[in-house]
4 protein chains.
Amino acid sequence: MNFKSDNVTGAAPEILAALTRANTGTLPSYGEDEITKRVGEKLKDIFETDLAAFPVATGSAANSLALAELTPPWGAVYCHPLSHIHTDECGAPEFFTHGAKLAPIDGPAGKFSAGTLAATLKGAGTGVVHHVQPAAVSVSQVTEAGTIYSLDELKAIAAVAHGAGLAVHMDGARFANALVALGCRPADMTWRAGIDVLSFGATKNGALAAEAVIFFDKKRAANFAFRRKRGGHLFSKMRFLSAQLDAYLDGDLWLKNARHANAMAAILADGLARLPGVGMTYPAQANEVFPSLPEPMIRGLEAAGFGFYRWSGQTVRLVTAYNTAEADARAFVAKAAELARAAAAD
Amino acid sequence: MNFKSDNVTGAAPEILAALTRANTGTLPSYGEDEITKRVGEKLKDIFETDLAAFPVATGSAANSLALAELTPPWGAVYCHPLSHIHTDECGAPEFFTHGAKLAPIDGPAGKFSAGTLAATLKGAGTGVVHHVQPAAVSVSQVTEAGTIYSLDELKAIAAVAHGAGLAVHMDGARFANALVALGCRPADMTWRAGIDVLSFGATKNGALAAEAVIFFDKKRAANFAFRRKRGGHLFSKMRFLSAQLDAYLDGDLWLKNARHANAMAAILADGLARLPGVGMTYPAQANEVFPSLPEPMIRGLEAAGFGFYRWSGQTVRLVTAYNTAEADARAFVAKAAELARAAAAD
Amino acid sequence: MNFKSDNVTGAAPEILAALTRANTGTLPSYGEDEITKRVGEKLKDIFETDLAAFPVATGSAANSLALAELTPPWGAVYCHPLSHIHTDECGAPEFFTHGAKLAPIDGPAGKFSAGTLAATLKGAGTGVVHHVQPAAVSVSQVTEAGTIYSLDELKAIAAVAHGAGLAVHMDGARFANALVALGCRPADMTWRAGIDVLSFGATKNGALAAEAVIFFDKKRAANFAFRRKRGGHLFSKMRFLSAQLDAYLDGDLWLKNARHANAMAAILADGLARLPGVGMTYPAQANEVFPSLPEPMIRGLEAAGFGFYRWSGQTVRLVTAYNTAEADARAFVAKAAELARAAAAD
Amino acid sequence: MNFKSDNVTGAAPEILAALTRANTGTLPSYGEDEITKRVGEKLKDIFETDLAAFPVATGSAANSLALAELTPPWGAVYCHPLSHIHTDECGAPEFFTHGAKLAPIDGPAGKFSAGTLAATLKGAGTGVVHHVQPAAVSVSQVTEAGTIYSLDELKAIAAVAHGAGLAVHMDGARFANALVALGCRPADMTWRAGIDVLSFGATKNGALAAEAVIFFDKKRAANFAFRRKRGGHLFSKMRFLSAQLDAYLDGDLWLKNARHANAMAAILADGLARLPGVGMTYPAQANEVFPSLPEPMIRGLEAAGFGFYRWSGQTVRLVTAYNTAEADARAFVAKAAELARAAAAD
């Protein structure tokens, strides 16, 4: 009954099993093995294009290494003020980019618009030596507010970015959750919309620790291998990183897991939204729910043993995962309803 | 029959099994879980002292993050020219230390001496603003030449270093192999000898991807948690990193594995040393053997399907692992003997 | 008739003359000379305290080197969104701090308040490994909006900062202009108000290229000499940098120069404020004036050969210097008045 | 009678006078002024080619900013172990390059050979992700040993470097001294020999603090302006930096100054070489002399008030400058001769 994050869960059994399968004999180290190659091929199929994919173990590594390929140290990376890269990675992007500036662009519900980006770029001082130089845009899909950019929104942002010579990165820590919510093809939500580089997350959706940085324009990846090694993120026994991704992509496990997490979030959101005194701070579009709850309800839920984070004021954050039990989600709603009734009776 | 490295192997079954055991229910993320705490306690027992231990996934991360705590950006880190940090990590230490200088100190068989270190420090310009400032010493135990520092050698180096105000780091990627070779206690080979920080390797000795950075003086670790996070090396599902270390340390698995690897190397070294035309470039003291072989023998072994690296000139490197089959080691020696006989018959 | 900046001017004749005086015989290099020592002593007298002072040649160097002593790479430096360090130094602070984050705190007229700082720090995640850590506050005195913090405002900000363990930096590129405007003692506007480190500017007020970084707590300066050298900012013929500061501080030249510049700005501000259609975007408190002018007046002034920058919308920036001719200031006002009359006559 | 360095002197009167001449009226700041443009044109004439020139104030800034344009953070810069960039800049190149590795290549008398460079590059692991990547070569002309590369030696080094895809930098802190010693054209000693980027020194040869970074291939300079600004090395009142270079290049002042310094060094070298017990550790080819002197002679010269540095063992370093008095040079030789006679008489 822990809704604190999708990283408090363990790993999907299919992925654990793949580790054991990968544990056979000697294999070339540092990514020259067959499993790593197979993951690359699977990703090409899934994204319907040639690409360069690099497994790493954490989302912060994926994001920071990706951004380091897109911006010089004197560059600006535009992102939402709530974005994980800006607020939750202890400055990892600044570390890997050697000091680039994350320039926040605000907007409602965790998203910024192409229009705001365009207005910001107009005053950014491109080419003027006194100012950091616009270099990249990073969008989070799912956002930190649990919302999702529509394909049209992504396309509009990418068009503005590309028009000004900026590269576009997507932080896809919850890529699968966004994808199944939009019901589109992976290519539609990425390179066809103008995404140049994707942090393709698997950890939150059932892996132990596995992400892939995917470059849809392979030329942009020229130095990535050096950066990854230099960052201490090149695994010697790469097979165990790749095997997680291999199983994750196998038989649509990744999509199945994400659909389940999203469905559990919908149970929470639908159930809570009906209760008196409960609002939705952000629309629940994937596997995160941000209800605004009366203080006694928050305390009652905590007392009942439910785990979750307070987000801001009366808003709490509930996150569901690939293995959240439907009974747990329903129990949360039931307890909240009970507390609402008790409050009404006072 | 692949002797290329101890990272071409998979993982010990005991460690794989621990991952499955760790996959139960929700657990706090980012290292606040019980498994991580248990690993810390086990390490305190094993090293017979209080300490601060931080799991990371790669040896380059362990070394670089450790060194970054020991040197300012304008510092010098003294190490052997063959050391992994100097030659095999694509500048990771320079990246994490923000540009400190690795200052090589030469010496035979992969080891430098306290005397050479002292002489170097005398001319280093301590306190003079034009020069990088001596900050740390890094010793590799096992060295890149497969040799081992004696406890007296370590103590002498640490005494010189501490006398000049430098911290001492040990790259223990093959720590267990050195330990069982010396037959001493972990404390003797580390803090009792003057080691301040240890990269405690497990990956090469049976883990999938797990190391621990161990600070014997916890005050030195003040900023480590921020550096690890900022480097993208803090795992959200830390349980899976810690579970590897937990199993590694359980029931002396780590020592058993190392003893086996060393024994296999001894079979190779003893068998090869007896053959005509074969010399030992470095003494084989742990799980690496560096024989100098006649060119036709090298080619013959390669043709027979044995995997190994050419080190330099006629010297090749053979590495054994926790799971090297005795039959494979003996087959290698037998083939070499056969090739030696054939050559003699010519 | 160029009001673009106080750096379009040359140097005060007294300072140029000092360079020739300093050009006698051989002197120890790299700051071991008598002139540099004398500047240190003068600054101690002027600031009525012991201090450590380091000459450098540019304001960006002064600010960035100072901040690098105050924040770790994973630190946050709070500053106004308009501040020079945030917007006009191409990321120099990020470079010298190895990637610290400049965290803007907004407020009217180029100033932020102690209250806003306190509220920001409350939510900053101190001690939480996922977030950059609050490390320093930087105030600009004069601000980029030409305004001045009162002594009480400075004290309140420093109290909040120190209460949370943060150091306080003052960007004093126009320190003298603020000082004579407040009419207080240098100590009052700095260490007595809680300023820990000061970028003491001279270039904009009559030097060729000379600033001093002043630490009121010498312990904070422990590594500054190494940082300055490593940044390429330690002059071999330091006498020529110090001689500028020496002359600048001699016989109150610095205060005389600043008083003149401020007086010229007052002529502009007073004259313009009286004209119809003219507003003051920020109060003119030192040597910068930010009037909002009707578009035809802007164009008319440009056509008449007056140099100035458009700030934003109808607001322009006029900067006066130590040697601005009173006739030029009056000519500007007269032309503006003529244009205002012409507009009224239309 | 101070032969410690060519930076213990002041500035040439012609250069000081130019500062006063430059102090007329307002001029665009940050290098958009006419004086800066004129320096660029003069350099094109002198080097007989199109080029991009950037004034900076110190040699460390010039070298480090230049190298930062030539190597990625994971690059290796090959240089002599005695080179200034490797030993005397407190790691400035590592700072500006974000951690590139300076890889020393040894050779006699401060010079390394094309052959040694080629052998080193062969084993450097180009393209292998574990190793830093060969990126640039830096030669010092004059070297730190006071010697000079011949044009053929430079060409051979550049040919090896370019053949392997490396850029070639020349640290020309004493460029003029080398040029007049070789008696060749500036173009011959630079781009015609294969030099891509030059740190063109003026400070040691009569300027107050002025160097220029010169790119013979302008495309390589694409980011230099951002790096210079970000490093705090873009002067707002650039006229005063450029005016020094302008006067330095005027009427061959730079060559005249260098010829004088070299002639004074020749007086020292020729006079000392004739004395019994005196050897020359390196051949004196420019304005530095490295004689090996008997200990009593060293002490006697020190007692007589002559200033110089002990280099190593019995070798001392004597440096002459553009304004060294011939009488001082002759007095040094005479005193040494007197001490030699006294020693012989004992």
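The structure this text deals with has already been given above.
Residues numbered from 1 in each chain as written. Chains lettered and ligands numbered in written order. Predicted model: local features only at pLDDT ≥ 70, side-chain atom pairs only at ≥ 80, totals over all residues. Heavy atoms only, no water.

Please clarify how the overall build of chain A should be interpreted in this entry.
Within chain A, the secondary structure is distributed over 13 helices and 11 strands. In summary, chain A has a C-alpha radius of gyration of 21 Å against a globular reference of 20 Å for 346 residues, a match within 12%. Projected onto its principal axes, the C-alpha positions of chain A cover 65 × 60 × 30 Å. Relative to its 346 residues, chain A shows a buried fraction of 64%. A sequence separation of at least 24 residues applies to 75% of the contacts in chain A between residues at least 6 apart. (Helix = DSSP H or I, 4+ residues; strand = E, 2+ residues; numbered from the N terminus. Rg over C-alpha atoms; globule rule 2.2 N^0.38 Å. Buried < 20%, exposed > 50% of the residue type's maximum accessible area, 1.4 Å probe, protein only. Contact = heavy atoms within 4.5 Å.)

Can you help me understand the sheet that holds strand 3 (residues 101-104) of chain C in this one?
Picture the strands of a sheet paired through backbone hydrogen bonds; they go either parallel or antiparallel. All names here are of chain C. Strands sit in the order 1-7-6-5-4-2-3 across an open sheet of seven strands; the sheet is mixed. Strands with a single pairing partner mark the edges of an open sheet, and in this sheet they are strand 1 (52-56) and strand 3. Adjacent strand axes in the sheet meet at a mean angle of 25° when their direction is disregarded. Sheet topology places strand 5 (residues 167-172) next to strand 6 (residues 197-201); four bridges connect them, and they run parallel. (Pairing = 2+ DSSP bridges. Axes fitted to C-alpha atoms, helices over the stretch in contact; angles between N-to-C directions.)

What exactly am I supposed to notice about unusual backbone geometry here?
Working note: non-glycine residues mostly have negative phi, and peptide bonds are mostly trans. Of the consecutive residues glutamine 141 of chain A and valine 142 of chain A, the connecting peptide bond is found in the cis state with omega at -5°. As for its placement among the helices and strands, valine 142 of chain A is situated in the loop between strand 4 (133-140) and helix 7 (151-163). Even without being glycine, tyrosine 30 of chain B reaches a positive phi, approximately 60°. Relative to the elements of secondary structure, tyrosine 30 of chain B occurs in the loop between helix 1 (13-22) and helix 2 (34-47). For tyrosine 30 of chain B, a relative accessible area of 21% translates into the label partly exposed. At aspartate 252 of chain C, a position not held by glycine, the phi torsion is positive, near 60°. One can find aspartate 252 of chain C in the loop between helix 10 (239-249) and helix 11 (253-273).

It is not clear to me how the packing of helix 2 (residues 34-47) of chain C against helix 10 of chain C should be interpreted in this structure. Could you clarify?
Two quantities define a packed helix pair, namely the angle between the axes and the distance from one axis to the other. Residues and elements named next belong to chain C. Their axes nearest at 8 Å, the elements helix 2 and helix 10 cross at an angle of 35°. Helix 2 and helix 10 meet at a crossing whose hand is left-handed. Two secondary-structure elements touch here, helix 2 through Ile35, Thr36, Arg38, Val39, Lys42, Leu43 and Ile46 and helix 10 through Arg239, Ser242, Ala243, Leu245, Asp246 and Leu249. The class makeup of the residues in the contact of helix 2 with helix 10 is seven nonpolar, two polar and four charged. (Left-handed = near helix turned anticlockwise from the far one by under 90°. Nonpolar A, V, L, I, M, F, W, Y, C, P; charged D, E, K, R; others polar.)

Where do I start with the sheet that holds strand 5 (residues 167-172) of chain D in this structure?
Residues and elements named next belong to chain D. Taken together, the seven strands give an open sheet; going across it, the order is 1-7-6-5-4-2-3, and neighbouring strands pair in mixed fashion. Both outer strands of the open sheet, strand 1 (52-56) and strand 3 (101-104), are each paired with one neighbouring strand and no more. Sheet twist, expressed as the average angle between the axes of neighbouring strands with direction ignored, equals 25°. Relative to strand 3, strand 2 (residues 75-79) runs parallel, the two sharing four bridges. Pairing of valine 77 across the sheet is with leucine 102, part of strand 3. Lying over the sheet, helix 3 (residues 59-70) contacts strand 1, strand 2, strand 4 (133-140), strand 5, strand 6 (197-201) and strand 7 (211-215), oriented at roughly 180° with respect to strand 5.

Hey, could you run me through the relation of the copies chain B and chain A in this one?
Put simply, the two copies of the chain differ by a rotation about an axis and a shift along that axis. Here chain B sits on chain A after a turn of 180° about the axis and a move of 0.0 Å along it, with an RMSD of 0.0 Å. The transformation just described matches what one would write down for a two-fold rotation axis. Distance from the rotation axis, computed per C-alpha, reaches its smallest value in chain B at glycine 231 of chain B: 3.6 Å. Residue by residue, 100% of the interface of chain B is reproduced at the interface of chain A, so both copies engage with the same surface. (Least-squares fit on C-alpha atoms with pLDDT ≥ 70 in both.)

Looking at this structure, I do not really get the environment of lysine 237 of chain D. What am I missing?
In this fold, lysine 237 of chain D is placed in the loop between helix 9 (224-230) and helix 10 (239-249). In contact with lysine 237 of chain D, not counting residues within four places along its chain, are Asp6, Asn7, Thr9, Gly10, Thr203, Gly206, Ala207 and Leu208 of chain C. Separated by 2.8 Å, the side chain of lysine 237 of chain D and the backbone oxygen of glycine 10 of chain C make a polar contact. (Polar contact = N/O pair within 3.5 Å; in protein donor to acceptor, adjacent residues only side chain to side chain.)

Could you clarify how one ought to interpret the packing of aromatic side chains in this entry?
Two numbers describe a pair of aromatic rings. These are the distance of the centres and the angle of the planes. All names here are of chain A. As enumerated under the stated definition, the model contains 82 aromatic pairs over all chains in all. Between phenylalanine 175 and tryptophan 254, the ring centres sit 6.4 Å apart and the planes meet at 5°, which makes this aromatic pair stacked. Of this pair, phenylalanine 175 sits in helix 8 (residues 175-182) while tryptophan 254 sits in helix 11 (residues 253-273); the two residues are 79 residues apart in sequence, bridging distant segments of the chain. Each member of the pair, phenylalanine 175 as well as tryptophan 254, carries the same accessibility label: buried. (Phe/Tyr/Trp six-rings, centres within 6.5 Å; stacked < 30°, edge-to-face > 60°.)

Can you help me understand the pattern of salt bridges in this one?
Where charged atoms from two side chains of opposite charge approach closely, those side chains can pair. With the rule as written, the count across this model stands at 80 salt bridges over all chains. Where aspartate 188 of chain A meets arginine 192 of chain A, a salt bridge forms, and the shortest distance between an N and an O atom there is 2.9 Å. For glutamate 288 of chain C, the salt bridge identified is with arginine 174 of chain C, shortest N-O distance 3.4 Å. One end of the pair, glutamate 288 of chain C, is in strand 9 (residues 288-292); the other, arginine 174 of chain C, is in the loop between strand 5 and helix 8 (175-182), with 114 residues separating them in the sequence. Each member of the pair glutamate 288 of chain C and arginine 174 of chain C is classed as buried. Among the charged side chains, a salt-bridge network with shared partners connects Asp6, Arg174, Glu288 and Arg317 of chain A. (Salt bridge = Lys/Arg side-chain N within 4 Å of Asp/Glu carboxyl O.)

Before we go on, may I ask you to explain the interface of chain B and chain D in this structure?
Many structure descriptions define interface size as the accessible area lost when the parts assemble. Of the residues lining the interface, 15 residues belong to chain B; the matching set on chain D comes to 15 residues. A buried area of about 1,300 Å², summed over both sides, lies between chain B and chain D, and 50% of it is on carbon and sulfur atoms. Of all residues in chain B, Cys90, Glu94 and Lys101 of chain B give up the largest surface area on contact with chain D, accounting jointly for 40% of the area buried on that side. At the surface where chain B touches chain D, the tally comes to two salt bridges. The residue lysine 101 of chain B makes a salt bridge to glutamate 94 of chain D at a minimum N-O spacing of 2.7 Å. Run the count over chain B and chain D and you get 10 residue pairs in polar contact (both at pLDDT 80 or more). Residue assignment for the side of chain B that touches chain D shows that the elements contributing at least two residues are helix 4 (84-87) and strand 3 (101-104) of chain B. (Buried area = accessible area lost by both parts, 1.4 Å probe.)

How should the state of the cysteines be read in this particular structure?
Covalent bonding between the sulfur atoms of two cysteines defines a disulfide. Going through the model one piece at a time under the given rule, you end up with zero disulfides over all chains. Here cysteine 90 of chain B is not cross-linked by a disulfide; its sulfur's nearest cysteine counterpart is in cysteine 79 of chain B, at 16 Å. (Disulfide = S-S within 2.5 Å.)

Honestly, the nonpolar core in this entry has me stumped. Any pointers?
A general trend in soluble globular proteins is that nonpolar side chains are found buried together. By size, the foremost hydrophobic cluster in this structure holds 155 residues, and its most contacted members are Phe200 of chain C together with Phe200 of chain D. Setting aside anything within four residues of it in sequence, one finds phenylalanine 200 of chain C in contact with Leu43, Phe47, Gly172, Phe175, Glu211, Ala212, Ile214, Tyr248, Leu249 and Trp254 of chain C. Counting 154 residues, the second largest nonpolar core, distinct from the first, contains Phe200 of chain A together with Phe112, Ile148 and Phe175 of chain B. (Core = buried A, V, L, I, M, F, W, Y, C linked by side-chain atoms within 4.5 Å.)

Explain helix 3 (residues 59-70) of chain B here, please?
Residue pairs three or four apart in sequence face the same way in an α-helix, which turns once every 3.6 residues. In a regular helix each residue adds 1.5 Å, so 12 residues correspond to 16 Å; helix 3 of chain B covers 17 Å between its end C-alpha atoms and thus fits that length. Residues of helix 3 of chain B that are buried: Ser60, Ala61, Ala62, Asn63, Ser64, Leu65, Ala66, Leu67, Ala68, Glu69 and Leu70 of chain B. (Expected span 1.5 Å × (residues − 1).)

Would you explain the interface of chain B and chain A in this entry?
Chain B puts 46 residues into the contact, and the matching count from chain A is 46 residues. Summing the contributions of chain B and of chain A, the shared interface buries around 3,700 Å²; its carbon and sulfur component is 59%. Area buried by chain B at its contact with chain A is led by Phe95, Arg230 and Lys237 of chain B, which between them contribute 21% of it. Counting across the chain B and chain A interface gives zero salt bridges. Counting across the interface, chain B meets chain A through 27 residue pairs in polar contact (both at pLDDT 80 or more). Listing elements by their share of the side of chain B that touches chain A, those giving two or more residues are helix 1, helix 3, helix 5 (92-96), helix 10 (224-230) and helix 11 (239-249) of chain B. For the side of chain B that touches chain A, the per-class residue count stands at 19 nonpolar, 19 polar and eight charged.

Before we go on, may I ask you to explain the pairing of strand 10 (residues 309-312) of chain C in this structure?
Looking down a regular strand, the side chains alternate between one sheet face and the other. All names here are of chain C. Two strands pair when backbone bridges link them, and strand 10 and strand 11 (residues 315-319) are joined in this way by three bridges, in the antiparallel orientation. Its bridge partner lying in strand 11, arginine 310 is registered against valine 316. The turn joining strand 10 and strand 11, which pair antiparallel and follow one another in sequence, is formed by two residues; a positive phi near 55° is taken by glycine 313.

I keep staring at the pairing of strand 8 (residues 279-282) of chain D and nothing clicks. Help me out?
In terms of strand pairing, strand 8 of chain D meets strand 9 (residues 288-292) of chain D through three bridges, oriented antiparallel. Within the sheet, the bridge partner assigned to glycine 279 of chain D lies in strand 9 of chain D and is serine 292 of chain D.

Sorry, what's going on with the environment of glycine 163 of chain A here?
All names here are of chain A. Looking at the secondary structure, you find glycine 163 in helix 7. Of the residues examined, glycine 163 reaches a relative accessible area of 70% and is grouped as exposed. Between the C-alpha atom of glycine 163 and that of lysine 256, which follows or precedes it by 93 residues, the distance is 37 Å.

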